Amino acid sequence: MKNAKLTTAALITFFVVILLLLILVIKKENILQNGLDLFISSFVVTIGISAIYIYYKKNKEQRSGEPEDDEMTLMIKYKAGYKAYMASMYLWLLIFLFRDKFPNIETMVGGGILVSAALFFISKHIVKKEGNA
Amino acid sequence: MHNRIRELRARDNLTQLNLAKKVNVRRETIVFLEKGKYNPSLKLAHGIATVFNLTIEEVFIFDD
C-alpha cells in the first residue's frame, strides 16, 4: 500500500514536470522555429502522453490487486537498464563528436537526456520481446 | 522447456489474473510463461505447481 502511494506520488511529480516543460516550450514560440527544438518538443509531448497512459494502466492493475513488481519485471528492468546504459554511452560520445551541430548547450544536454530516457524504454521493449527462455 | 500452465488453468477454471494473484506475480508474467518466453525461478515454478497440486516436473517439461 505504501509502495502504491509512493508510485502515485512519483507519477504525479513526473506529470507536473512534463507539464511545466511543455508550458516552457510553448511559451517560447521562437524556439519552436528551430528544427531540433521542434523535434525535442514533440518528443516531450510523446513522453507526456505515454506517461499518462502508463499511469492509468498501473492504477488499473493496482486496483485489481496485482503487485507492482515481480521477478520477471525486475529482470526486465535490470537487463533494459544495462542495455540502455551501454547505448547511452555511445549516444553521449556521438553528441560530443557533433557538438558544433547543436544551436546551444541546453538543447544538446536536454536532447541527450531525453534520448537516454527513450533508450531505456526501447531497451525495455526489446528485452520483453526477447524474453529469457 | 515448455509448460502446461494454460492447459492446467483451463482444467481448474482459473483465469490468468487468478493464478497470478495466487502466486503473487503480475498477470503479464503468466502471459509470458504461457507463451514460453520466460523461464521462472524455482520458487515461482514451485508456487505454480502447488496451485495445481502437481510436482514441478509435471507442470514444466524439460526438452532434451
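Residues numbered from 1 in each chain as written. Chains lettered and ligands numbered in written order. Predicted model: local features only at pLDDT ≥ 70, side-chain atom pairs only at ≥ 80, totals over all residues.

## Description of the overall build of chain A
Thought 1: Along its length, chain A carries 4 helices and 0 strands.
Thought 2: In chain A, the succession of helices and strands from N to C terminus is α-α-α-α.
Thought 3: In chain A, which comprises 133 residues, the proportion classed as buried is 7%.
Thought 4: Taking contacts inside chain A between residues at least 6 apart in sequence as the whole, the part at least 24 apart equals 76%. (Helix = DSSP H or I, 4+ residues; strand = E, 2+ residues; numbered from the N terminus. Buried ≥ 20, exposed ≤ 12 C-beta atoms within 10 Å, placed from the backbone. Contact = placed C-beta atoms within 7 Å.)

## Quick notes on the environment of Leu 119 of chain A
Residue and element names in this part refer to chain A.
Thought 1: Mapped onto the secondary structure, Leu 119 falls in helix 4 (residues 105-130).
Thought 2: Since 19 C-beta atoms lie within 10 Å of it, Leu 119 is described here as partly exposed.
Thought 3: In the structure, Leu 119 is positioned 36 residues away from Lys 83 in sequence and 8.5 Å away in space, judged by C-alpha atoms.
Thought 4: Non-local contacts of Leu 119, meaning those with residues more than four positions away in its chain, are made with Ala 84, Ala 87, Ser 88 and Leu 91.

## Examining the nonpolar core
Thought 1: With 17 residues, the main nonpolar core has Ala 20, Val 23, Ile 30, Leu 33 and Ile 48 of chain B as its most contacted residues.
Thought 2: When residues of this core are traced back to their parent elements, those giving at least two are helix 3 (71-97) of chain A together with helix 2 (16-22), helix 3 (27-35) and helix 4 (42-51) of chain B.
Thought 3: It is helix 3 of chain A that provides the largest number of residues to this core, a total of 4 residues. (Core = buried A, V, L, I, M, F, W, Y, C linked by C-beta atoms within 7 Å.)

## Thoughts on unusual backbone geometry
Thought 1: If you check the backbone angles, Asn 24 of chain B has positive phi at about 55 degrees while not being a glycine.
Thought 2: As for its position among the elements, Asn 24 of chain B is in the loop between helix 2 and helix 3.

## As for the packing of helix 3 of chain A against helix 4 of chain A
When two helices pack together, their arrangement is given by the angle between the helix axes and the distance between those axes.
Residue and element names in this part refer to chain A.
Thought 1: Where helix 3 contacts helix 4, the two axes come as close as 8 Å, and the packing angle between them is 145 degrees. As for the relative orientation of helix 3 and helix 4, their crossing is right-handed in sense. Packed against helix 3, whose contacting residues are Ile 76, Lys 79, Ala 80, Gly 81, Lys 83, Ala 84, Ala 87, Ser 88, Leu 91, Trp 92 and Ile 95, the element helix 4 presents Met 108, Gly 112, Val 115, Ser 116, Leu 119, Phe 120, Ser 123, Lys 124, Val 127 and Lys 128 at the interface.
Thought 2: The class makeup of the residues in the contact of helix 3 with helix 4 is 12 nonpolar, 5 polar and 4 charged. (Axes fitted to C-alpha atoms, helices over the stretch in contact; angles between N-to-C directions. Left-handed = near helix turned anticlockwise from the far one by under 90°. Nonpolar A, V, L, I, M, F, W, Y, C, P; charged D, E, K, R; others polar.)

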